[in-house]
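Commentary on secondary and tertiary structure
Single-letter residue listing:
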There are 2 protein chains.
Amino acid sequence: MTDWDRLLAVARADAPADLLLTGGRLVNVFTGELEPVDIAVCGERIAGVGAGYSAECTIDLGGSYVAPGLIDAHVHIESSLCLPSEFASAVVPRGVTTAVIDPHELANVVGSLGVRYMAEASRGLPMDAVVMAPSCVPATPMATAGGAITADDVRELFDQGVVHGLAEVMDFPGVIGNSPATRAKLDALPGRPADGHCPGVTGPALNAYVAAGIGSDHESVTSDEAREKLARGLFLLIREATNARNLDALLGVVTPANNRRVCFCTDDRTPVDLIEEGSIDHMVRRSIERGVEPIDAIRMATLNPSEWLGLGDLGAVAPGRLANLIVFDDLSSPAARRVYHRGREVAVDGRLTASSATLDVVPPADRCAVDAGAIDLAIPATGHVVRVIGSVADQLTTEHLELPAKVIEGCAVADPSRDLLKIVVAERHRGTGNVGLGFIQGFGLNRGAIAGTVAHDHHNLIAIGADDASIRAAIAEVVAMHGGLACMAGEEVLARLAMPVGGLMSDRPIAEVAEGYRRLVDAARGLGSPLADPFMAMSFMGLEVIPKLKLTDRGLVDVERFEPVPLFVDAA
Amino acid sequence: MTDWDRLLAVARADAPADLLLTGGRLVNVFTGELEPVDIAVCGERIAGVGAGYSAECTIDLGGSYVAPGLIDAHVHIESSLCLPSEFASAVVPRGVTTAVIDPHELANVVGSLGVRYMAEASRGLPMDAVVMAPSCVPATPMATAGGAITADDVRELFDQGVVHGLAEVMDFPGVIGNSPATRAKLDALPGRPADGHCPGVTGPALNAYVAAGIGSDHESVTSDEAREKLARGLFLLIREATNARNLDALLGVVTPANNRRVCFCTDDRTPVDLIEEGSIDHMVRRSIERGVEPIDAIRMATLNPSEWLGLGDLGAVAPGRLANLIVFDDLSSPAARRVYHRGREVAVDGRLTASSATLDVVPPADRCAVDAGAIDLAIPATGHVVRVIGSVADQLTTEHLELPAKVIEGCAVADPSRDLLKIVVAERHRGTGNVGLGFIQGFGLNRGAIAGTVAHDHHNLIAIGADDASIRAAIAEVVAMHGGLACMAGEEVLARLAMPVGGLMSDRPIAEVAEGYRRLVDAARGLGSPLADPFMAMSFMGLEVIPKLKLTDRGLVDVERFEPVPLFVDAA
C-alpha cells in the first residue's frame, strides 16, 4: 500500500485516520469563514476535513479555533544568533511552522556551503524551512567576504533541490540597470519566485525592478511606498524586525480588497526579541489589535505567503496539505495553545514537546583567521582632519563627518571625551591580513571596547573601542572563541558570547544565547553607550551599501559615491 | 541590446515606449481600486505603469477604463466547431485574450497529435492559448476512440513545452480510488496545476479528490456543492456553457472574502452562442448585473485564473506582464471598445483589426472511415422488448426505458408514432466496422434523420432517424464531407455543415459556421424535434460515462452498472 493509497483511503473514510481533531472551529482561509469541522490526519498530511471520520487517536478541541500553522515569509535565521533547531524551539511553540529562510549571512562567510548547511540543519525540525538562494553574495567588491554565490551556484542549488527560489535581490541598481550578473541570477531560476528588496525605489525605477521579474518586497517603511509597490504587483511583505519595525506604519495600507497580496515577515530578530515578543504570531495579534479582521490577519500569515511562493503543501487546512496546525482559544488575540507539525503535536502551552532533532550536520569550519597580536592598530597622522562615521541611533544610515584628529606621538587616536572612538574591520575569512581603520561617533563608550564577527554583509571581525589595548583584547577574545561577540575593558572580559558556527551562530540553547546577548548589551551600555543595542548597531557600520560612510576591511567607503575614500581629508 | 535591456530601459523611462496609453482609469486587480495612470508598452510587454513616460505612439483613452485582457479558465475550442483562429476572431473582440484550452475532443480522435495540432493552430493568434493536457482519453474501454493519451504522453507534451498542466480529470472515481493509470497521469506533472471535474462529489469522496492533488472544479451546479468545494480548497470555476449554465445559481456563493478563489469558464459554447452572447465578457457583465462588485468580477476573469494556474505573465496590468488589455467605457457593464494583445491593437468596437494568422499547420487527417453503404442497419428481432434511451430535454442524463419493439419482417424498426427512433453509432477512427444499434425516445423526428461526427467523447459517427434510408443517407452525407453534421429527409439534404478537421471542426469563418449550425437546428426542428438543439443533444447520447443508458460503437451501455447490455430485454 503506497502513501497515496493510504492517504486516499483515509480521505474516503475507508480507513481510520492516525489523528482526528474534533470539536474545533476551523479558520477556513479559503472562504474567510469559521467552520465547525473535524480534521482527519494521515501521516504528515491532512486527509479529510468535515464529518464522517474515525481515528486511532481522537482529540476533542472543545470549541477551540484551529488554523494553519503560521509562515514567516522572509527571515534570516542567523540573526537569532542560533542554529535552526534553536530558532525553531523559539518560534514553533508560538505557532510558526514554516520559515522561508535566506541564509544570506552564512553564505557571505562560506558561500554555497552555508546554504547547504542551513538547509541540512533545518531537516527534521518541527518546522518546515523553505530555503531561498541568496542572490547578492558578496554585496559589493569593496569588501572581502568569505563566500560568493554565482548564477551557476544558484542553478546548482535549485537543481539539487536545496532552494525554492531566489532570495531578496538587494542589488536593486543591478536589477533596474539589467546588469549581466544580476540578470544571470534571475534567469537561473525561470518561473520561480524572486524575492525583492528595494528600499525607497519608486516610479519608473520601481517599474523596472518589477518588470525584471521580482515578485515581492519587504523594505517598505511608509504607506505611500507600500501602496505603490502593491499597485505595481509586488507582494507586500510587512516586516517587523528587531531593528526595522514597519507593521504599525503599514497596516493602514491594508484593505479587504488588497490584503490577499500582503504577507508578514520578521527578516531579522534577536534571540531576545524572539523569546520575549515572538515572531509572526506577534504580528498577527498586533494586526488584529490595530483593526485587521482576525481571519484576514491569519490569511496574511498562511494562505498568502503560500500563494506568493507557490507553496501548495502549506498555508491552509485542506486535504493533501501538510498537517501544520495551531489551536488557540481567542480569535481576537491568537496565541497557540497547541501546535501540530506534519501531523505530530510539537508544542503545548508555549513549550516544545517534540523531541529535538539530532543535528548530525557538521557546521562550516571556523573562519576566524585573524591574528590579534599582529594587527597594527596605529593610525599614522598623515593629516589633521579625519572622516568620521556618524552613527545615528536606530538607523542603519550614518552621517559622513569631518573632524579634527586627536594626535599623540604622530598617531591619530580615539578621543572618548568627544565620543570619537576607533573602529576596526579585520578580514577574517581568507587570511589576507586586510585591516580597515577609522573613527566613529555615536557609540559613546567611555572606555573599553566591543568586538564581534557579525558585520553585515561580509561578516569580518569588527571592533569599536576607546583605546587600542581594549580593542586588541576584544579582538583576541572573539578570535579565541572562534567567532562571537565580546565586551572588554582592557584585558577584563565584561561579557562574551561564543558563536563558532561561521562566527554568526552559537550552538547553545536560545534561552542561554538570549541571556548572553542581554549581558553583552548591558555591559556595553555600562561602558557608557547610549545605544539600545550597540552590538546590532556595530554590525551595520561595515555595510558598504547603506549610506553614507562605512568601513570595510579595505578602508572607508563613501557609499553615496560608491567608492573608497581615504581616512584623512587633508592627507599630505 | 537584448529584449531585457530594452524593456528595462523603457521601464526606467530611459527610452521611449512603443505605445503609451494615457488618460485611462486602470482597473488595478492587485489593489481592487481604480487608478488614473499611463501604461507604457515595450514590444509585447507592459514596461511601466504610472507617470513620466513618452512613446513613439501615444493614445489618449479620454477617461475610459483599462483592465487586463479576460481569461477563459477552461474551454474546449472544438465545441465552437471552428478552428482556434476563428474561435479567437469571435472572443478576442469581446476582450478574451487568453483561453485555457483542453483539446480533449480532438485528442479522442487523433491522440497527442490533436493536442499538438491545437497548440500549433493557436500560435500567432491575437489570443494566448494555454494548452492543458487531456487526462481522460479515451473515457472508458467501452467505446472505440481514435486516440489515447497515456501518462507518458502527458509527460512528453509537457517536456516539449506543449502543455502547461493537466486538464480536467474527469475520471473522478479513478482519482478517488487512486487507480494506477490516473495516479500516473497526476504524477507525470509534479507541481503543475491539475484541473478537476467532479460533478456532485461531496464529503469524504471530495476530500479524497482534493487530497489526490486536484486544484479546481467547474462542475458545480448548486450553491451547496460550490460552497463545499471552495471550503475544501478547490478553485471554483463557474461555468456558463451553452448546455450547462451555472452562473446565476452559483453567484450567490461568491463573497468578498472568498472571491479570490473564483474564476470564470465557458467549457463548451456553440458558435451561435459565442457570436450572439459572447464568452467570459458576458459572464463579467452578468455577474455585475447580479450584484458582484465590478472590480471583483474583473478579477475573477483576470488575476484569479492567473493565480490558480500560475500564469505570471497574464491577468494583470503590471510591469513585465504581457500587454493584454481591454478598454471600455462603462464599469457597470464592461464591453471592450478596444483590445490589445501583446502590445498590439487587435480589435476595435467589436471587430477584429489584427491580420489573421496564416495557419500553415496541416490539420489531422480525415478519420471518417465509415462505408455508409456497407452498414447493416437491420435489427433482427430476437425478442419483443427493447431497451430504449430516454433522452430528457436539456439534460445529458437519460432514462433507461424498456418498451415493446415494433417488428416488421422479423426486424425491430423505428416507430415515429411513438417517438421511437433508431440510433446508430458507427466507429469511424480505425476502420473496425463496429456499429452499435439501438432505439431512442425524445428526439421527436417525424421523418428523416440527423447524423454527425461529434459524439462525446469517442466522437464516432452518430445518427438518429425515423427510417433506415434517411439514416443511411445522413451517414453517407457526413462521410462525403469527411466529417460534419447533416440533416436529411430520405436522400434530400435539408442542411449540412462540413467539419473536416477531425470531424469536429469546420475550416470556415465562424459566422458561416454559426449560420450553418442554425440551419441544421432549424431543419431538425422542422422534422418535428421539440429539442432546442437536437445536434448537441445527440452528441451526448453516445457518452458512456453519463447515466443511465447510452450507445457506443460496441452497443448499449448501462452506465449505472458500468457494463454493456443487450438491446433486447427478453432475447431468446
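Residues numbered from 1 in each chain as written. Chains lettered and ligands numbered in written order. Predicted model: local features only at pLDDT ≥ 70, side-chain atom pairs only at ≥ 80, totals over all residues. Heavy atoms only, no water.

Comments concerning the sheet that holds strand β31 (residues 563–564) of chain B
Residues and elements named next belong to chain B. Pairing in this open sheet of 3 strands is antiparallel, and the strands run β29-β30-β31 from one edge to the other. Looking at which strands have only one partner, the edges of the open sheet turn out to be β29 (549–552) and β31. In the sheet, β29 pairs with strand β30 (residues 555–558) via 4 bridges, with the strands oriented antiparallel. Within the sheet, the bridge partner assigned to K550 lies in β30 and is V557. (Pairing = 2+ DSSP bridges. Helix = DSSP H or I, 4+ residues; strand = E, 2+ residues; numbered from the N terminus.)

Re the interface of chain A and chain B
Listed as interface residues are 48 residues of chain A and, on the opposing side, 47 residues of chain B. Summing both sides of the interface, chain A and chain B together bury roughly 3,800 Å²; the carbon and sulfur share of this comes to 50%. The largest contributions to the chain A side of the interface with chain B come from F30, R232 and R260 of chain A, which together make up 18% of the buried area. At the surface where chain A touches chain B, the tally comes to 6 salt bridges. (Contact = heavy atoms within 4.5 Å. Buried area = accessible area lost by both parts, 1.4 Å probe. Salt bridge = Lys/Arg side-chain N within 4 Å of Asp/Glu carboxyl O.)

Let's talk about the packing of aromatic side chains
Residues and elements named next belong to chain A. Tallied over the entire structure, the rule returns 4 aromatic pairs over all chains. Where Y65 meets F328, the ring centres are 5.6 Å apart and the plane angle is 20 degrees; that geometry is what we call stacked. Note that Y65 is positioned in strand β5 (residues 65–68) and F328 in strand β15 (residues 325–328), a separation of 263 residues in sequence. Neither Y65 nor F328 differs from the other in exposure class; each is buried. (Phe/Tyr/Trp six-rings, centres within 6.5 Å; stacked < 30°, edge-to-face > 60°. Buried < 20%, exposed > 50% of the residue type's maximum accessible area, 1.4 Å probe, protein only.)

Overview of helix α2 (residues 84–91) of chain A
Residue and element names in this part refer to chain A. The buried fraction of α2 is high, at 6 of 8 residues. Among the residues of α2, those classed as buried are P84, E86, F87, A88, A90 and V91. Among the structural elements, β6 (70–75), β7 (96–101), α4 (112–121), α11 (271–276) and α16 (510–526) are those in contact with the buried residues of α2.

Re the relation of the copies chain A and chain B
Take chain A, turn it by 180 degrees, move it 0.0 Å along the axis, and it overlays chain B with an RMSD of 0.1 Å. Accordingly, the operation relating the two chain copies is best matched by a two-fold axis. (Least-squares fit on C-alpha atoms with pLDDT ≥ 70 in both.)

So, the pattern of salt bridges
All names here are of chain A. Summed over all chains, the structure comprises 80 salt bridges over all chains. In this structure, the salt-bridge partner of R518 is E515, at a minimum N-O distance of 2.8 Å. In this pair, R518 and E515 both sit in helix α16, 3 residues apart, roughly one turn of the helix. Because the salt bridges share partners, they merge into one network encompassing E240, R245, R269, D273 and E277.

Remarks on the confidence of the model for chain A
Model confidence for chain A is summarised by a mean pLDDT of 96, while 98% of its residues fall at 70 or above. The ipTM for the predicted assembly is 0.94, set against a pTM of 0.95. (pLDDT = per-residue confidence, 0-100.)

A short note on the packing of helix α5 (residues 151–159) of chain B against helix α7 (residues 180–188) of chain B
Residue and element names in this part refer to chain B. Between α5 and α7, whose axes approach to 8 Å, the crossing angle comes to 10 degrees. Relative to α7, α5 is oriented roughly parallel. Here A151, V154 and R155 of α5 come into contact with α7, specifically with A184, K185 and A188. Classifying every residue of the contact of α5 with α7 by side-chain character gives 4 nonpolar, no polar and 2 charged. (Axes fitted to C-alpha atoms, helices over the stretch in contact; angles between N-to-C directions. Parallel < 35°, antiparallel > 145°, perpendicular 65-115°, else oblique. Nonpolar A, V, L, I, M, F, W, Y, C, P; charged D, E, K, R; others polar.)

Here we look at the nonpolar core
I238 and I475 of chain B are the most contacted members of the largest nonpolar core, which has 176 residues in total. No other element matches helix α16 (residues 510–526) of chain B, which puts 8 residues into this core. With near-sequence residues (within four places) excluded, I475 of chain B lies in contact with V370, A372, I375, V424, A451, L461 and A463 of chain B. Within the second largest apolar cluster, 175 residues are counted, among which are V75, V169, A226 and M488 of chain A. (Core = buried A, V, L, I, M, F, W, Y, C linked by side-chain atoms within 4.5 Å.)

Side note on the pairing of strand β6 (residues 70–75) of chain B
In terms of burial, β6 of chain B is a largely internal element, 6 of the 6 residues being buried. In the classification by handedness, the crossover that spans β6 of chain B, the intervening helix α2 (residues 84–91) of chain B and the parallel strand β7 (residues 96–101) of chain B is right-handed. (Right-handed = clockwise from strand over helix to strand, strands pointing away.)

Things to note about the sheet that holds strand β8 (residues 128–133) of chain B
Residues and elements named next belong to chain B. The 5 strands are arranged β6-β7-β8-β9-β10 in an open sheet whose pairing can be described as parallel. If you trace the sheet from one side to the other, it starts and ends with β6 and β10 (194–196), each paired once. Strand after strand, the sheet turns through a mean of 30 degrees between neighbouring axes, direction not considered. Here β6 runs beside β7; their pairing, made up of 4 bridges, is parallel. Its bridge partner lying in β7, L70 is registered against V96.

Some words on the environment of S135 of chain A
Residues and elements named next belong to chain A. Relative to the helices and strands, S135 is located in the loop between β8 (128–133) and α5 (151–159). Under the relative-accessibility criterion, S135 is labelled buried at 4%. When the C-alpha atoms of S135 and V569 are compared, they prove to be 35 Å apart, with 434 residues separating the residues in sequence. The residues touching S135, leaving out its near neighbours within four places in the chain, are L166, A167, E168, V169, M170 and K185. A polar contact is formed between the side chain of S135 and the backbone oxygen of A167, at a distance of 3.0 Å. (Polar contact = N/O pair within 3.5 Å; in protein donor to acceptor, adjacent residues only side chain to side chain.)

Things to note about unusual backbone geometry
Residue P138 of chain A is bonded to the preceding V137 of chain A through a cis peptide linkage, with omega at 0 degrees. Assignment of secondary structure puts P138 of chain A in the loop between β8 and α5. Cis geometry is found at the peptide bond from H456 of chain B to D457 of chain B, where omega equals -15 degrees. Looking at the element boundaries, D457 of chain B is found in the loop between β25 (449–452) and β26 (461–465). A positive phi angle, close to 50 degrees, is found at D349 of chain B, a residue other than glycine. For D349 of chain B, the location among the structural elements is in the loop between β17 (344–348) and β18 (351–352).

Comments concerning α5 of chain A
All names here are of chain A. Those residues of α5 not exposed but buried are A151, V154 and L157. Along the long axis of α5, the arc covered by the buried residues comes to 125 degrees, so they all point the same way. Exposed positions of α5 whose direction lies more than 90 degrees from the buried face are D152 and D159. The secondary structure elements touched by the buried residues of α5 are α4, β8, β9 (165–169) and α7 (180–188). (Arc of directions from axis to C-beta.)

Description of the packing of α4 of chain A against α5 of chain A
Residue and element names in this part refer to chain A. Following both chains from N to C, one finds α4 and α5 inclined at 25 degrees, their axes separated by 11 Å at the closest point. Compared by their axis directions, α4 and α5 come out roughly parallel. Remark: the crossing between α4 and α5 carries right-handed chirality. Between α4, through S112, V115 and R116, and α5, the contact on the second element is made entirely by D153, E156 and L157. Classifying every residue of the contact of α4 with α5 gives 2 nonpolar, 1 polar and 3 charged. (Left-handed = near helix turned anticlockwise from the far one by under 90°.)

Structural notes on the environment of R496 of chain B
All names here are of chain B. Here R496 is to be found in strand β28 (residues 492–498). Note on R496: relative accessible area 48%, which makes it partly exposed. Apart from the residues within four sequence positions on either side, R496 is in contact with E477, M481, L485, A486 and L520. Of note is the side chain of R496, whose polar atom sits 2.3 Å from the side chain of E477.

Points about the environment of E78 of chain A
Residues and elements named next belong to chain A. Residue placement: E78 occurs in the loop between β6 and α2. Measuring from C-alpha to C-alpha, the distance between E78 and F172 comes to 23 Å, with 94 residues separating the pair along the chain. Dropping the residues within four chain positions of it, E78 is found in contact with D102, P103, H104, E105, L106, M118, L504 and M505. Polar side-chain contacts of E78 include one of 2.8 Å to the backbone nitrogen of L106.

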